Amino acid sequence: PLDTIWDLNEVSSKDVEAIRRRDVGRREKMAADLSLLAGSPMDAYERYSKAAELAKQSPDPLWYAAALEGCAAAHVSMAEAGGYNVDPYLENNFQLPEEFMAVAHHTTSEHQKPNKNTLKQTLPKVIGALCEEALLIYNRHPALGPFHAELLLKLASYTAVSEEGHARCRWGEGRGCYGGDPGEPRRWDKTSVASLSFGRLVNKDGDDLIALSSLQRTQKFVSFLNRAVSTGSLDLLTRADVAAAATRMCLKGIPSTRWKFQQTFLDGHTMRLPRKAAFFASVAAEALSNYTSSSSSSS
(Lines give C-alpha, C1' and ligand atoms only; values in the text may rest on other atoms or scores of the structure.)
Protein backbone atom coordinates (compact mmCIF):
# COMPACT_ATOMS: atom_id res chain seq x y z
CA PRO A 1 0.00 0.00 0.00
CA LEU A 2 1.00 3.61 -0.49
CA ASP A 3 2.05 5.44 2.65
CA THR A 4 -0.33 8.28 3.50
CA ILE A 5 0.78 9.72 6.86
CA TRP A 6 4.33 10.60 7.84
CA ASP A 7 5.55 12.78 10.69
CA LEU A 8 8.27 14.67 8.87
CA ASN A 9 9.65 15.96 12.19
CA GLU A 10 10.78 12.42 13.03
CA VAL A 11 12.72 11.69 9.86
CA SER A 12 15.82 13.23 8.34
CA SER A 13 15.82 15.19 5.12
CA LYS A 14 17.60 12.28 3.42
CA ASP A 15 14.85 9.89 4.54
CA VAL A 16 12.19 12.34 3.40
CA GLU A 17 13.68 12.28 -0.11
CA ALA A 18 13.82 8.47 -0.07
CA ILE A 19 10.18 8.31 1.03
CA ARG A 20 9.20 10.70 -1.74
CA ARG A 21 11.00 8.60 -4.36
CA ARG A 22 9.41 5.46 -3.00
CA ASP A 23 5.90 6.86 -3.19
CA VAL A 24 6.46 8.25 -6.68
CA GLY A 25 7.88 4.91 -7.78
CA ARG A 26 4.93 2.97 -6.40
CA ARG A 27 2.45 5.30 -8.07
CA GLU A 28 4.38 4.96 -11.33
CA LYS A 29 4.18 1.19 -11.07
CA MET A 30 0.42 1.33 -10.51
CA ALA A 31 0.06 3.64 -13.51
CA ALA A 32 2.10 1.17 -15.56
CA ASP A 33 -0.28 -1.64 -14.55
CA LEU A 34 -3.21 0.42 -15.80
CA SER A 35 -1.40 1.27 -19.04
CA LEU A 36 -0.78 -2.41 -19.70
CA LEU A 37 -4.41 -3.25 -18.99
CA ALA A 38 -5.47 -0.42 -21.32
CA GLY A 39 -3.49 -1.95 -24.20
CA SER A 40 -0.54 0.45 -24.29
CA PRO A 41 2.52 -1.76 -23.65
CA MET A 42 5.06 0.84 -24.80
CA ASP A 43 3.75 3.39 -22.30
CA ALA A 44 3.59 0.66 -19.66
CA TYR A 45 7.21 -0.33 -20.29
CA GLU A 46 8.41 3.27 -19.91
CA ARG A 47 6.49 3.62 -16.64
CA TYR A 48 7.70 0.26 -15.31
CA SER A 49 11.28 1.27 -16.12
CA LYS A 50 10.89 4.56 -14.26
CA ALA A 51 9.24 2.77 -11.33
CA ALA A 52 12.09 0.23 -11.19
CA GLU A 53 14.69 3.00 -11.17
CA LEU A 54 12.95 4.88 -8.35
CA ALA A 55 12.33 1.73 -6.33
CA LYS A 56 15.97 0.71 -6.65
CA GLN A 57 17.15 4.12 -5.42
CA SER A 58 14.74 4.25 -2.45
CA PRO A 59 15.38 1.28 -1.80
CA ASP A 60 12.04 -0.52 -2.13
CA PRO A 61 13.00 -4.09 -3.12
CA LEU A 62 9.59 -5.74 -3.39
CA TRP A 63 8.22 -3.02 -5.66
CA TYR A 64 11.48 -3.05 -7.62
CA ALA A 65 10.99 -6.76 -8.33
CA ALA A 66 7.36 -6.18 -9.26
CA ALA A 67 8.39 -3.40 -11.67
CA LEU A 68 10.96 -5.71 -13.31
CA GLU A 69 8.29 -8.36 -13.74
CA GLY A 70 6.08 -5.68 -15.26
CA CYS A 71 8.83 -4.78 -17.77
CA ALA A 72 8.92 -8.42 -18.85
CA ALA A 73 5.12 -8.53 -19.17
CA ALA A 74 5.16 -5.34 -21.25
CA HIS A 75 7.61 -6.91 -23.70
CA VAL A 76 5.42 -9.99 -24.05
CA SER A 77 2.45 -7.73 -24.72
CA MET A 78 4.41 -5.77 -27.34
CA ALA A 79 5.20 -8.96 -29.24
CA GLU A 80 1.70 -10.39 -29.07
CA ALA A 81 -0.65 -7.40 -29.00
CA GLY A 82 1.31 -4.65 -30.74
CA GLY A 83 0.47 -1.02 -30.10
CA TYR A 84 1.60 2.50 -30.91
CA ASN A 85 5.31 2.62 -31.88
CA VAL A 86 5.77 -0.99 -30.77
CA ASP A 87 7.00 -2.53 -34.03
CA PRO A 88 9.80 0.06 -34.59
CA TYR A 89 10.96 -0.57 -31.03
CA LEU A 90 11.01 -4.34 -31.55
CA GLU A 91 12.80 -3.92 -34.89
CA ASN A 92 15.52 -1.72 -33.41
CA ASN A 93 16.21 -3.88 -30.37
CA PHE A 94 15.71 -7.55 -31.21
CA GLN A 95 16.95 -10.06 -33.77
CA LEU A 96 17.25 -13.80 -34.28
CA PRO A 97 19.55 -15.85 -32.04
CA GLU A 98 23.21 -15.49 -33.00
CA GLU A 99 23.53 -19.09 -34.18
CA PHE A 100 20.72 -18.52 -36.70
CA MET A 101 22.06 -15.14 -37.83
CA ALA A 102 25.38 -16.84 -38.53
CA VAL A 103 23.83 -19.10 -41.19
CA ALA A 104 21.45 -16.54 -42.69
CA HIS A 105 21.53 -15.44 -46.33
CA HIS A 106 20.06 -12.16 -47.60
CA THR A 107 17.43 -12.22 -50.32
CA THR A 108 17.16 -8.45 -50.63
CA SER A 109 19.44 -6.08 -52.49
CA GLU A 110 22.72 -4.99 -50.91
CA HIS A 111 21.48 -1.62 -49.64
CA GLN A 112 18.41 -3.24 -48.04
CA LYS A 113 20.29 -5.89 -46.12
CA PRO A 114 19.53 -5.84 -42.41
CA ASN A 115 22.84 -5.46 -40.62
CA LYS A 116 23.71 -7.74 -37.77
CA ASN A 117 23.75 -5.47 -34.75
CA THR A 118 25.85 -6.72 -31.85
CA LEU A 119 23.76 -4.56 -29.51
CA LYS A 120 20.57 -6.41 -30.42
CA GLN A 121 19.45 -9.39 -28.39
CA THR A 122 16.66 -11.92 -28.60
CA LEU A 123 13.41 -11.00 -26.87
CA PRO A 124 13.34 -14.18 -24.71
CA LYS A 125 16.83 -13.38 -23.43
CA VAL A 126 15.73 -9.92 -22.26
CA ILE A 127 12.57 -11.28 -20.64
CA GLY A 128 14.60 -13.98 -18.89
CA ALA A 129 17.14 -11.48 -17.55
CA LEU A 130 14.43 -9.22 -16.13
CA CYS A 131 12.66 -12.12 -14.43
CA GLU A 132 15.86 -13.64 -13.03
CA GLU A 133 16.70 -10.35 -11.32
CA ALA A 134 13.20 -10.25 -9.85
CA LEU A 135 13.60 -13.86 -8.66
CA LEU A 136 16.78 -12.93 -6.78
CA ILE A 137 14.74 -10.43 -4.76
CA TYR A 138 11.77 -12.76 -4.22
CA ASN A 139 14.23 -15.35 -2.88
CA ARG A 140 15.50 -13.09 -0.10
CA HIS A 141 12.60 -13.47 2.34
CA PRO A 142 10.57 -16.57 3.29
CA ALA A 143 7.29 -14.68 3.01
CA LEU A 144 7.97 -14.06 -0.69
CA GLY A 145 8.16 -17.77 -1.53
CA PRO A 146 4.77 -17.83 -3.31
CA PHE A 147 5.83 -14.89 -5.52
CA HIS A 148 9.05 -16.73 -6.35
CA ALA A 149 7.26 -19.96 -7.30
CA GLU A 150 4.54 -18.12 -9.27
CA LEU A 151 7.08 -16.28 -11.43
CA LEU A 152 8.94 -19.52 -12.15
CA LEU A 153 5.68 -21.13 -13.29
CA LYS A 154 5.06 -18.12 -15.54
CA LEU A 155 8.54 -18.50 -17.05
CA ALA A 156 7.92 -22.20 -17.66
CA SER A 157 4.65 -21.38 -19.41
CA TYR A 158 6.33 -18.67 -21.50
CA THR A 159 9.09 -21.10 -22.51
CA ALA A 160 6.53 -23.67 -23.62
CA VAL A 161 4.08 -21.39 -25.42
CA SER A 162 5.68 -18.17 -26.68
CA GLU A 163 9.45 -18.24 -26.47
CA GLU A 164 10.28 -19.90 -29.77
CA GLY A 165 8.00 -17.58 -31.76
CA HIS A 166 9.47 -14.52 -30.05
CA ALA A 167 13.00 -15.79 -30.70
CA ARG A 168 12.11 -15.93 -34.42
CA CYS A 169 10.72 -12.35 -34.31
CA ARG A 170 7.27 -13.59 -35.32
CA TRP A 171 5.46 -10.64 -33.78
CA GLY A 172 1.70 -11.12 -33.54
CA GLU A 173 1.69 -14.73 -34.69
CA GLY A 174 -0.52 -17.13 -32.77
CA ARG A 175 -4.02 -17.53 -31.44
CA GLY A 176 -5.34 -14.41 -29.75
CA CYS A 177 -2.46 -12.22 -30.99
CA TYR A 178 -2.66 -9.12 -33.15
CA GLY A 179 -0.93 -9.82 -36.46
CA GLY A 180 -1.95 -6.66 -38.30
CA ASP A 181 -4.98 -5.01 -39.85
CA PRO A 182 -7.03 -6.94 -42.45
CA GLY A 183 -5.56 -6.57 -45.93
CA GLU A 184 -2.21 -5.37 -44.57
CA PRO A 185 1.04 -7.38 -44.45
CA ARG A 186 1.44 -9.42 -41.30
CA ARG A 187 3.55 -7.85 -38.56
CA TRP A 188 6.11 -10.65 -38.70
CA ASP A 189 6.50 -10.21 -42.46
CA LYS A 190 7.53 -6.56 -42.06
CA THR A 191 10.60 -7.28 -39.93
CA SER A 192 14.12 -7.10 -41.36
CA VAL A 193 14.75 -10.76 -40.51
CA ALA A 194 11.86 -11.73 -42.79
CA SER A 195 14.14 -10.89 -45.73
CA LEU A 196 16.64 -13.55 -44.66
CA SER A 197 16.78 -17.01 -46.18
CA PHE A 198 18.44 -20.06 -44.73
CA GLY A 199 20.07 -23.12 -46.13
CA ARG A 200 20.83 -26.07 -43.92
CA LEU A 201 20.29 -25.02 -40.32
CA VAL A 202 23.29 -26.59 -38.65
CA ASN A 203 26.04 -25.17 -36.46
CA LYS A 204 29.77 -25.46 -37.11
CA ASP A 205 29.77 -28.91 -35.51
CA GLY A 206 27.04 -30.12 -37.85
CA ASP A 207 24.34 -30.27 -35.16
CA ASP A 208 20.75 -29.49 -36.17
CA LEU A 209 19.89 -26.03 -34.79
CA ILE A 210 16.16 -26.76 -34.62
CA ALA A 211 16.66 -29.97 -32.64
CA LEU A 212 19.13 -28.20 -30.34
CA SER A 213 16.67 -25.36 -29.77
CA SER A 214 13.89 -27.80 -28.91
CA LEU A 215 16.16 -29.66 -26.48
CA GLN A 216 17.37 -26.46 -24.80
CA ARG A 217 13.83 -25.14 -24.40
CA THR A 218 12.72 -28.42 -22.86
CA GLN A 219 15.63 -28.38 -20.43
CA LYS A 220 14.85 -24.78 -19.47
CA PHE A 221 11.15 -25.63 -19.07
CA VAL A 222 11.94 -28.50 -16.69
CA SER A 223 14.47 -26.38 -14.78
CA PHE A 224 11.87 -23.67 -14.11
CA LEU A 225 9.38 -26.26 -12.86
CA ASN A 226 11.97 -27.91 -10.60
CA ARG A 227 12.93 -24.55 -9.11
CA ALA A 228 9.28 -23.64 -8.54
CA VAL A 229 8.41 -26.88 -6.75
CA SER A 230 11.60 -26.82 -4.65
CA THR A 231 11.12 -23.25 -3.39
CA GLY A 232 12.11 -23.66 0.24
CA SER A 233 9.71 -21.27 1.98
CA LEU A 234 6.40 -22.62 0.67
CA ASP A 235 3.81 -23.96 3.08
CA LEU A 236 2.49 -27.46 2.43
CA LEU A 237 -0.72 -26.45 0.65
CA THR A 238 1.04 -23.96 -1.60
CA ARG A 239 3.70 -26.52 -2.46
CA ALA A 240 0.96 -29.00 -3.38
CA ASP A 241 -0.67 -26.40 -5.64
CA VAL A 242 2.63 -25.55 -7.34
CA ALA A 243 3.50 -29.22 -7.84
CA ALA A 244 0.02 -29.92 -9.26
CA ALA A 245 0.44 -27.03 -11.71
CA ALA A 246 3.83 -28.43 -12.75
CA THR A 247 2.23 -31.84 -13.27
CA ARG A 248 -0.41 -30.40 -15.59
CA MET A 249 2.20 -28.50 -17.59
CA CYS A 250 4.34 -31.61 -18.07
CA LEU A 251 1.35 -33.62 -19.26
CA LYS A 252 0.36 -30.85 -21.65
CA GLY A 253 3.91 -30.80 -22.99
CA ILE A 254 6.08 -28.30 -24.81
CA PRO A 255 5.81 -27.87 -28.61
CA SER A 256 9.03 -28.33 -30.55
CA THR A 257 10.73 -25.34 -32.14
CA ARG A 258 9.29 -24.56 -35.57
CA TRP A 259 10.94 -22.91 -38.55
CA LYS A 260 9.15 -21.62 -41.62
CA PHE A 261 12.09 -22.25 -43.97
CA GLN A 262 12.78 -25.86 -43.12
CA GLN A 263 10.80 -28.90 -42.10
CA THR A 264 12.37 -31.25 -39.56
CA PHE A 265 11.28 -34.47 -37.97
CA LEU A 266 10.29 -32.48 -34.87
CA ASP A 267 7.94 -30.04 -36.66
CA GLY A 268 4.48 -30.13 -35.12
CA HIS A 269 5.61 -32.49 -32.36
CA THR A 270 4.70 -31.85 -28.73
CA MET A 271 7.16 -33.22 -26.21
CA ARG A 272 5.22 -34.51 -23.22
CA LEU A 273 7.04 -35.43 -20.02
CA PRO A 274 5.09 -38.16 -18.20
CA ARG A 275 7.96 -39.14 -15.88
CA LYS A 276 8.44 -35.58 -14.67
CA ALA A 277 4.67 -35.31 -14.30
CA ALA A 278 4.69 -38.42 -12.09
CA PHE A 279 7.47 -36.94 -9.98
CA PHE A 280 5.65 -33.64 -9.46
CA ALA A 281 2.42 -35.51 -8.72
CA SER A 282 4.21 -37.47 -5.98
CA VAL A 283 5.51 -34.20 -4.51
CA ALA A 284 1.96 -32.81 -4.45
CA ALA A 285 0.62 -35.99 -2.85
CA GLU A 286 3.35 -35.98 -0.19
CA ALA A 287 2.70 -32.32 0.65
CA LEU A 288 -1.06 -32.94 0.99
CA SER A 289 -0.41 -36.04 3.12
CA ASN A 290 1.89 -34.10 5.45
CA TYR A 291 -0.67 -31.30 5.70
CA THR A 292 -3.43 -33.76 6.57
CA SER A 293 -1.25 -35.41 9.19
CA SER A 294 -0.27 -32.10 10.79
CA SER A 295 -3.90 -30.93 10.82
CA SER A 296 -5.05 -34.16 12.48
CA SER A 297 -2.35 -34.04 15.13
CA SER A 298 -3.05 -30.40 15.98
CA SER A 299 -6.79 -31.05 16.38
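**Focus: the overall build of the protein chain**
The number of helices and strands found in the protein chain is 11 helices and 4 strands. Across the 299 residues of the protein chain, 44% fall into the buried class. Put simply, 69% of the contacts in the protein chain that link residues at least 6 apart link residues at least 24 apart. Total accessible area computed for the protein chain in this model is approximately 16,300 Å², and 54% of it derives from carbon and sulfur atoms.

**What to know about a nonpolar patch on the surface**
There is a patch of nonpolar side chains on the surface, built from L236, L237, L288 and Y291 and spanning about 310 Å² of accessible area. Checked against the element boundaries, L288 lands in helix α11 (residues 274-298).

**Focus: the packing of aromatic side chains**
Ring pairs (aromatic) are described by centroid distance and by the angle formed between their planes. On inspection of all chains with the given rule, the structure shows 4 aromatic pairs. Residues Y89 and F94 carry aromatic rings whose centres are separated by 6.1 Å and whose planes lie at 75° to one another, so their mutual orientation is edge-to-face. On the accessibility criterion, F94 (6% relative accessible area) is buried.

**Section: the packing of helix α2 (residues 41-57) against helix α3 (residues 61-81)**
The geometry of α2 relative to α3 is characterised by a closest axis approach of 8 Å and an angle of 160° between their N-to-C directions. Compared by their axis directions, α2 and α3 come out roughly antiparallel. Along this stretch, α2 crosses α3, giving a crossing that reads as left-handed. Together, P41, M42, Y45, Y48, S49, A51, A52, A55 and K56 of α2 and W63, Y64, A67, L68, G70, C71, A74, H75, S77 and M78 of α3 make up the contact between the two elements. Split into classes, the residues belonging to the contact of α2 with α3 amount to 14 nonpolar, 4 polar and 1 charged.

**What to know about helix α7 (residues 145-161)**
An α-helical segment advances 3.6 residues per turn. Residues three or four places apart therefore align on the same side. Taking 1.5 Å per residue as the helical rise, α7 with its 17 residues ought to reach 24 Å, and the 25 Å between its terminal C-alpha atoms agrees with that figure. Among all positions of α7, only G145, H148, A149, L151, L152, L153, L155, A156, Y158, T159 and A160 are buried. The inward-facing, buried residues of α7 abut α3, α6 (123-138), α8 (163-167), α9 (209-229), α10 (236-252) and β3 (254-255).

**Points about helix α4 (residues 86-93)**
Listed in full, the buried residues belonging to α4 are V86, Y89 and L90. End-on view of α4: buried residues confined to an arc of 95°, all on one side of the axis. For α4, the secondary structure elements touched by its buried residues are α2 and α3.

**Let's talk about the pattern of salt bridges**
One pass over the full model with this rule turns up 13 salt bridges. Residue E28 is joined to R47 by a salt bridge in which the shortest nitrogen-to-oxygen separation is 3.0 Å. Residue E28 is located in helix α1 (residues 13-37), and its partner R47 is located in helix α2; the two are separated by 19 residues in the primary sequence. Using a relative accessible area of 12% as the deciding quantity, one classes E28 as buried. A salt bridge links K220 to E163, with the nearest nitrogen and oxygen atoms 3.1 Å apart. Placement of K220 in helix α9 and of E163 in helix α8 is noted, with a sequence separation of 57 residues between them. Its relative accessible area of 33% is what places K220 among the partly exposed residues.

**Concerning the state of the cysteines**
Throughout the structure, instances matching the rule amount to 0 disulfides. In this structure C131 is not part of a disulfide, and its nearest cysteine sulfur, from C71, lies 9.9 Å away.

**With respect to the nonpolar core**
In this structure, L96, F100, F198, L201, F221 and L225 are the most contacted members of the largest nonpolar core, which totals 72 residues. Sequence-distant contacts of F221, defined by excluding residues within four places in its chain, comprise A156, T159, A160, M249, C250, I254 and L273.

Basis of the calculations
- Residues numbered from 1 in each chain as written.
- Predicted model: local features only at pLDDT ≥ 70, side-chain atom pairs only at ≥ 80, totals over all residues.
- Heavy atoms only, no water.
- Helix = DSSP H or I, 4+ residues; strand = E, 2+ residues; numbered from the N terminus.
- Buried < 20%, exposed > 50% of the residue type's maximum accessible area, 1.4 Å probe, protein only.
- Contact = heavy atoms within 4.5 Å.
- Areas by Shrake-Rupley, 256 points an atom, 1.4 Å probe, with all protein chains shown as cover.
- Patch = residues over 30% accessible without salt bridge, like charges linked within 9 Å, V, L, I, M, F, W, Y side chains within 5 Å.
- Salt bridge = Lys/Arg side-chain N within 4 Å of Asp/Glu carboxyl O.
- Phe/Tyr/Trp six-rings, centres within 6.5 Å; stacked < 30°, edge-to-face > 60°.
- Axes fitted to C-alpha atoms, helices over the stretch in contact; angles between N-to-C directions.
- Parallel < 35°, antiparallel > 145°, perpendicular 65-115°, else oblique.
- Left-handed = near helix turned anticlockwise from the far one by under 90°.
- Nonpolar A, V, L, I, M, F, W, Y, C, P; charged D, E, K, R; others polar.
- Expected span 1.5 Å × (residues − 1).
- Arc of directions from axis to C-beta.
- Disulfide = S-S within 2.5 Å.
- Core = buried A, V, L, I, M, F, W, Y, C linked by side-chain atoms within 4.5 Å.

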